[in-house]
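Listed below are the residues making up each chain.
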Amino acid sequence: MSILEVENLNRSFGGLHAVNDVTFDVMPKQIKAVIGPNGAGKTTLFNLIAGALESDSGEVKFQGTRITNLPSHRVAEQGIARTFQNIKLYSNMTVLENVMIGRHVRTGAGFFAGLMNFPKTWKEEREIHEKSMELIEMLGIAELADSDATSLAFGQQRTVEFARALAMEPELLLLDEPAAGLNIYETAEIAETIRKIRDWGITILIIEHDMSLVMDISDEITVLSSGKKIAEGLPEEIQRNEEVIKIYLGEEDA
Amino acid sequence: MSFEQLLQYLLSGVTMGSIYAIVAIGYNIIYNTTGIINFAQGEFVMLGGMTAISFNFFMPLPLAIFLSVIIVSFVGAFIDIVFIRNLKKPSVLNMIIVTIGLSTVIREVALHIWDEKVRSLPYFTGDESSSINIFGAYISPQVLWVLGVSAVIVIGLTFFFKYTLPGRSMRACSANITAAQLCGVNAKNMVTLSFMLSAAIGAIAGTVVSPITMTQYDGGTSLAIKGFAVAILGGLGNSTGAVVGGIVIGVLEALSISILPSAYKDAIAIALLLLILFIKPSGLFGSSEVSALKEY
Amino acid sequence: MKISHKYVPVIILLGGVILFQLISTLSGIEYILTQMTMAGYYAMVIIGLTMLMGYTGQISLGHAGFFAIGGYTSAVLTTQNLAALKGTGLADFIMNSGLSVSMTDTYGQELVYLSPWISLTLAILITIIVAFLIGIPILKLKGHYLAMATLGFGTIIYRIVLGAGIFGEADGISEVPAFPVLGGLSISGDSALRIENYYIAWFVLGVGVLLLINLVNSRAGRALRSIHGSEDAASAMGVDTARYKLAIFVLSAVYAAVGGVLLTHFNGGIGPSEASIMKSVRYVAIVAVGGMANLWGALIMGVLLNFLSLRGYFGSYDDAFFGVILIVIMLFFPDGLLTRDNFKGLKQKIQRLIAREKRTAE
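Residues numbered from 1 in each chain as written. Chains lettered and ligands numbered in written order. Predicted model: local features only at pLDDT ≥ 70, side-chain atom pairs only at ≥ 80, totals over all residues.

Participant: Describe the overall build of chain C, naming the residues involved and giving the relevant values.
Facilitator: Assigned secondary structure in chain C consists of 14 helices and four strands. Against the compact-globule benchmark of 21 Å for 362 residues, chain C has a radius of gyration of 22 Å, which places it among compact chains. Long-range pairs, those at least 24 residues apart, make up 77% of the contacts in chain C with a sequence separation of at least 6. (Helix = DSSP H or I, 4+ residues; strand = E, 2+ residues; numbered from the N terminus. Rg over C-alpha atoms; globule rule 2.2 N^0.38 Å. Contact = placed C-beta atoms within 7 Å.)

Participant: So what about the overall build of chain A? Which residues, and what values?
Facilitator: Assigned secondary structure in chain A consists of 10 helices and 10 strands. The globule rule puts the C-alpha radius of gyration for 254 residues at 18 Å, and the 19 Å found for chain A is close to it. Counting only contacts in chain A whose residues sit at least 6 apart along the sequence, the fraction spanning at least 24 positions is 68%.

Participant: Which residues make up the interface of chain C and chain B, and what values do they have?
Facilitator: The figure often quoted for interface size is the accessible area lost as the parts come together. Listed per partner, the contact involves 33 residues of chain C and 35 residues of chain B. Contributions of two or more residues to the side of chain C that touches chain B are made by α6 (143–163), α11 (277–290) and α13 (318–332) of chain C. Per-element tally for the side of chain C that touches chain B: the top contributor is α6 of chain C, with 13 residues. Considering only residue class, the side of chain C that touches chain B consists of 24 nonpolar, six polar and three charged. (Nonpolar A, V, L, I, M, F, W, Y, C, P; charged D, E, K, R; others polar.)

Participant: Describe helix α8 (residues 219–229) of chain C, with residues and values.
Facilitator: Most of α8 of chain C is tucked away: 11 of the 11 residues are buried. Along α8 of chain C, the residues that are buried comprise R219, A220, G221, R222, A223, L224, R225, S226, I227, H228 and G229 of chain C. (Buried ≥ 20, exposed ≤ 12 C-beta atoms within 10 Å, placed from the backbone.)

Participant: Kindly report on the packing of helix α1 (residues 3–34) of chain B against helix α2 (residues 41–56) of chain B, identifying the contributing residues and their values.
Facilitator: Residue and element names in this part refer to chain B. Axis separation between α1 and α2 bottoms out at 9 Å; the angle between their running directions is 125 degrees. In terms of orientation, α1 and α2 fall into the oblique class. In the packing of α1 onto α2, the handedness of the crossing is right-handed. The residues of α2 that touch α1, namely those facing V23, G26 and Y27, are Q41, G42, F44 and V45. Looking at side-chain class alone, the contact of α1 with α2 contains four nonpolar, three polar and no charged residues. (Axes fitted to C-alpha atoms, helices over the stretch in contact; angles between N-to-C directions. Parallel < 35°, antiparallel > 145°, perpendicular 65-115°, else oblique. Left-handed = near helix turned anticlockwise from the far one by under 90°.)

Participant: Got a sec to walk through the environment of V95 of chain A? Specific residues and values, please.
Facilitator: All names here are of chain A. By the secondary structure assignment, V95 is in helix α3 (residues 95–102). V95 sits 49 residues away from L144 along the chain, and the two C-alpha atoms are 6.7 Å apart. The residues touching V95, leaving out its near neighbours within four places in the chain, are I136, I141, L144, A145, S147, A149 and V160.

Participant: Give a detailed account of the interface of chain C and chain A, specifying residues and quantitative values.
Facilitator: On the side of chain A, 30 residues touch chain C, which itself brings 24 residues to the contact. Going through the elements one at a time, α7 (194–216), α8 and α9 (231–236) of chain C are the ones with two or more residues in the side of chain C that touches chain A. Element by element, the count of residues in the side of chain C that touches chain A is highest for α8 of chain C, at nine residues. Along the lines of polarity and charge, the residues of the side of chain C that touches chain A split into 10 nonpolar, nine polar and five charged.

Participant: Outline the environment of F44 of chain B, supporting the account with residue identities and numerical values.
Facilitator: By secondary structure assignment, the location of F44 of chain B is in helix α2. With residues near it in sequence (within four places) discarded, F44 of chain B still touches G26, V72, G76, S198, A199, G202 and A203 of chain B.

Participant: Hey, could you go over the packing of α2 of chain B against helix α4 (residues 92–114) of chain B for me, with residue numbers and the actual values?
Facilitator: Residue and element names in this part refer to chain B. Running from N to C, α2 and α4 cross one another at 20 degrees; their axes reach a closest spacing of 10 Å. Taken together, the axes of α2 and α4 lie roughly parallel to each other. In this structure, the crossing between α2 and α4 has a hand that is left-handed. Where α2 abuts α4, its residues E43, M46, L47 and M50 lie against S103, I106, R107, A110 and W114. Here the contact of α2 with α4 is composed, by residue class, of six nonpolar, one polar and two charged.

Participant: Give me the lowdown on the environment of T43 of chain A, citing residues and values where you can.
Facilitator: Residues and elements named next belong to chain A. Tracing the chain through its elements places T43 in helix α1 (residues 42–50). Owing to 19 C-beta atoms within 10 Å, T43 belongs among the partly exposed residues under this scheme. Taking the C-alpha atoms as reference, T43 lies 9.7 Å from A18; in sequence the two are 25 residues apart. Excluding anything up to four places from it in sequence, T43 contacts Q85, D176 and I207.

Participant: I'd love a proper account of the sheet that holds strand β5 (residues 65–66) of chain A, names of residues and values included.
Facilitator: Backbone hydrogen bonds are what pair the strands of a sheet, in a parallel or an antiparallel way. All names here are of chain A. Strand order across the open sheet formed by four strands is β2-β1-β4-β5, with antiparallel pairing between neighbours. In the strand order of this sheet, the two ends are held by β2 (16–26) and β5, each with one partner. By the bridge criterion, five bridges tie strand β1 (residues 4–13) to strand β4 (residues 57–62) in an arrangement that is antiparallel. The partner of E7 across the bridge, within β4, is E59. Against the sheet, α1 engages β1, β2 and β4, with an angle of about 65 degrees to β2. (Pairing = 2+ DSSP bridges.)

Participant: Could you give an account of the sheet that holds strand β8 (residues 203–207) of chain A, with specific residues and numbers?
Facilitator: Residues and elements named next belong to chain A. The mixed open sheet is built from six strands, whose spatial order is β6-β7-β8-β3-β9-β10. Here the strands that pair on one side only, and so sit at the sheet edges, are β6 (80–82) and β10 (228–233). For this sheet, the mean angle separating the axes of adjacent strands, direction not counted, is 20 degrees. Where β6 meets strand β7 (residues 172–176), three bridges bridge the pair, whose relative direction is parallel. When the bridges of β7 are listed, I80 appears paired with L172.

Participant: Before we move on, could you go through unusual backbone geometry and cite the residues and values that matter?
Facilitator: Residues and elements named next belong to chain B. Positive phi values are uncommon outside glycine, yet D115 reaches one of about 55 degrees. Counting through the fold element by element, D115 comes out in the loop between α4 and β1 (132–134). The class for D115 is exposed, based on 10 C-beta atoms found within 10 Å. With a phi angle near 65 degrees, M214 is a residue other than glycine that sits in the positive phi range. Summarising the element assignment, M214 is placed in the loop between α8 (187–213) and α9 (219–234).

Participant: I'd like to hear about the domain arrangement of chain A, residue by residue, with values.
Facilitator: Residue and element names in this part refer to chain A. Under the domain assignment, chain A is made up of domain 1 (1–79 + 170–254) and domain 2 (92–169). The distance between the C-alpha centroids of domain 1 and domain 2 comes to 27 Å. Across the contact, 11 residues belong to domain 1 and 10 residues belong to domain 2. Mapped onto the side of domain 1 that touches domain 2, the elements with two or more residues apiece are α2 (72–78) and α7 (184–199). The leading source of residues in the side of domain 1 that touches domain 2 is α7, at four residues. A breakdown of the residues in the side of domain 1 that touches domain 2 according to their chemical character gives seven nonpolar, two polar and two charged. (Domains from an automatic or database assignment.)

Participant: Outline the nonpolar core, listing residues and values.
Facilitator: Core analysis: the largest hydrophobic core is formed by 272 residues, its most contacted members being A229 and L273 of chain B together with I46, I47, A257, V287 and L326 of chain C. Each of two domains, domain 1 (1–79 + 170–254) and domain 2 (92–169) of chain A, supplies a minimum of three residues to this core. Aside from chain neighbours lying at most four places away, what touches L326 of chain C is I97, V98, I100 and G101 of chain B together with A285 and A288 of chain C. (Core = buried A, V, L, I, M, F, W, Y, C linked by C-beta atoms within 7 Å.)

Participant: Lay out the confidence of the model for chain C with the relevant residues and their values.
Facilitator: Residue and element names in this part refer to chain C. Averaged over chain C, the pLDDT score is 85; the fraction of residues at 70 or greater is 94%. The secondary structure element of chain C with the lowest average pLDDT is strand β1 (residues 100–104), at 69, and the one with the highest is helix α10 (residues 241–267), at 94. Here the predicted complex carries an ipTM of 0.86, next to a pTM of 0.87. (pLDDT = per-residue confidence, 0-100.)

Next up, the structure:
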């Protein structure tokens, strides 16, 4: 059974039909990539799934539950985490604190409990702290724990964003261009990290422009162009697909 | 309510409404060019009146008004050049805070220059006892001056923005500042010009309404709020909307006296402002997408 | 019992408060404590506002309105002489259930009024309701729309207290009775209780600060700070931003109201100027100077500036001074004066100066 089902999803902005009747599935523990030229509607699709944008029509189902048009914090509660193309780390907090926020959905101390600092919240706070440190260590950035999150190098910020998303213990992880702005070595590291995450049992849906990364790690690829899905299949199939080649390289004279 | 009474309220409402509309247009000019809301807008009106009153002591009224408008426009330019241009972190919050600070300081300076006495310019034609009979309602000739001057300002600005080079450059800035700069428009100067223009029309409004409402050092604040309410009602940046909005709020305010104690008259515009903000912040004529995008 | 390091500044504050009182008593300038007491209550408004403005980036130009709601509610409720109403249902109920306080006034007449503890509770409840109702639509707005809406709210409160007979119109409400706290202690302007009142005020403020420190370091506090850092990312992490913004708005309103109630009893009265826009602007100026997200900066600045203002050091330029502060801060120190960055920069400058001195000495 699919973990994510997108059915006939539609979204327009004025005259621009950004996402046009898109349907696809993601299988559990799969790494699925969504590719397409700029303006194909990939980020809009992500925003629709993650609840950051409302759809005009269509359905999104997560583990059988309808999540269409749920606000993003509710989508997060369902078990879907996402990263952002332009890394939205919290500038006013340290790396550790950024990751600790990731634990928000899995914990429950409320506003009043926060004011009062009841003893029963002490255990939860300790756990949040420990789990966050664990994640930071697992991803190899332990020494950066107390650094100001936005003062780090780009590649390190990406890793922090990963840690933060993983702290949510999601079942589905939406990665929005994780390799953007990274060099070859950093991209290879990201590929490793993504595989590690999948081995932990997390399904991954990724938007990416970096074809080497996509071909390297994806189990399946969906191709969008001008809002429509034009191809879907294994990496080798997509590489040979004429439609796909056309939209990336332009028409060849017959 | 008799027809004459209704007409009286309506005329009174439209009169004040035109002043609110002028203030609102002042907001719109600066907002369109810069995206800033200038909270000190009301003070321009107050300064216009006050300066003209002082000048009037030793020069004829028309000259006093003319000079006062010139001086207040330079105050507007000064505010932009010294304060707005030098903001280190020009976020919306910071600009709001700076203009609030400026409005406070201007008010206090006015208090120290002119003290808290209520003053007014003499009536442009006639005096406080002259009145004109319009279908049974009695109005002061000054009312016609207010309406006339307001109409001239609106028409003048329409012409300015449509047919003159500086006007079109300012519109270019508001549409797309980078493109405007690439076409050779000096954006910084356009901003200063927008401040000067807003200040000038505010000052004109301040002088023409002075005999009716009197002028006082703290008169700017309530005008600022009401003018803002009008600007929002009409759709921020939309000056036709400002005129309609001004008339609506002015008339509602005037009619409210027949229902509520007059002490609450000032609260009408504010209550309306809150209502609009809660229901449709883009106002009567604005588009909700534009108002959502133009946050920062 | 190990005391968490986050509470250390509170202990330092406590020490400072005690020290200040001892010094002022010994130097015979004890009357200064009155202004410090008032500054303490005003600081309640300011620390609440810092949380709202600094940690969630929402501006409020109408917070004096909540101060006024608190103060006026308590003033109105405690200035109804129940003794005169003996025989009517509600008055008897209040007096018989121990919810009232008796005293004799200067003419030997019996004065019975509603217990200020009850009026405090009611004031807080009313504030919560109003903040809730206003907050829901207001917090959907952004930028200058939000600012103007809060300004509008503050102005409406001002117009109401200025215009309504029950609130004393321009004269406000006076003869507000003392607030009995414990045993013989009460919050009032009685100069015999000056030192006690000073400690009461700073105790209340201390508790207020303590609660906020707890909040900042808690899960909810992180959620709030994440909203300020990036609202989109916060949402994506499961933070219900609308709910949290509302919660902090209501909390900051309650802080302001509590300050209003207690100060009103201390002063024995309240007037419409407490609800004025200038007061709201003043609070915003102080938060801006202290550094928006800087609880301690806001506290220090709040007490300092209010104290100076109350002792008349700004003379008739009072409002202008705060206006100038706003301008100067936004131009030169948009993140506030007492921020970590500024201190670091200052430290560096001093170090460089010392290094230069050393070199010239060689």
